[in-house]
Amino acid sequence: MSDGLNLRPVNFDDRKILFEWRNDSLTRKNSLHTEIVNWEKHCQWFEKILDTHRLFFILEDKYYPVGQVRIDIENGVGTVNYSIAPDKRGFGYGKIILQLCENYLYEQQPSISLRGIVKKDNIASQKIFLSLNYAEKEDDNYFVYEKTALSHYKIKNAISRG
């Protein structure tokens, strides 16, 4: 990737930093699951995820981890879960991690649709999904953002031609 940005698979050495990011107060506030997670529970979850999950990545900037993204696929829809390191928020990494993840997924599994579920008070994530041309639907407590592979390719081709 250019400019030192790299999306790489999560590995065992990432469990401590993911634990710290998960328990950050703003991350928990914006998460669908807001409780503090203890180390033992985190390690159990992490081992299960590493064994079963292939779409879990760390975004690095010049080899420094700045965020994580995971996609859970069910019935042809990938639900996106991402967060940015507390000290790296506000630098555009949210949009970058989502774009890179989309590109990777659509190259590997082009028929997948993506979905993001965002709390109504999480304005930053709402703006990111909208800026990447996700369709927005309002639910009682959340906004649901969706993008099909077809719309991704149309946008990507329009950008490359423009």
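No experiment lies behind these values; they were computed from the predicted model shown.

Asks: So what's going on with the layout of surface pockets? Residues and values would help.
Replies: Empty space within the largest pocket amounts to approximately 1200 Å³. Lining the largest pocket are 40 residues, and of these S31, Q68, N81, Y82 and S83 sit closest to its centre. Elements that contribute at least two residues to the lining of the largest pocket include exactly α1 (15-22), α2 (25-30), α3 (39-52), β3 (64-74), β4 (77-84), α4 (93-108), β5 (113-119) and α5 (123-131). Ranked by the residues each element gives to the lining of the largest pocket, the list is headed by β4, at six residues.

Asks: Explain the packing of aromatic side chains residue by residue, including any values.
Replies: A full pass over the atoms with the stated rule returns eight aromatic pairs. Where W45 meets F46, the ring centres are 6.4 Å apart and the plane angle is 50°; that geometry is what we call tilted. Ring geometry for F57 versus Y104: centroids 4.9 Å apart, planes at 70°, classification edge-to-face. Of this pair, F57 sits in strand β2 (residues 56-61) while Y104 is found in helix α4, placing the two residues 47 residues apart along the sequence. Overall, F57 belongs to the buried group, its relative accessible area being 4%. Joined through ring pairs, the aromatic side chains of Y82, F129, Y134, F143 and Y145 make up one cluster. One Lys or Arg, R70, reaches over the ring of F56 and ends 5.9 Å from the middle of that ring. In this structure, K120 is placed above the aromatic ring of F143, and the distance from its NZ or CZ to the ring centre is 5.8 Å.

Rules and cut-offs
- Residues numbered from 1 in each chain as written.
- Predicted model: local features only at pLDDT ≥ 70, side-chain atom pairs only at ≥ 80, totals over all residues.
- Heavy atoms only, no water.
- 1 Å grid on protein atoms, 1.4 Å probe; cavity = no way out; pocket = protein on both sides within 12 Å on 5 of 7 lines; lining within 4 Å.
- Points joined across faces, edges and corners; volume = space filled by probe spheres on them.
- Helix = DSSP H or I, 4+ residues; strand = E, 2+ residues; numbered from the N terminus.
- Phe/Tyr/Trp six-rings, centres within 6.5 Å; stacked < 30°, edge-to-face > 60°.
- Buried < 20%, exposed > 50% of the residue type's maximum accessible area, 1.4 Å probe, protein only.
- Lys NZ or Arg CZ within 6 Å of the ring centre and 35° of its normal.

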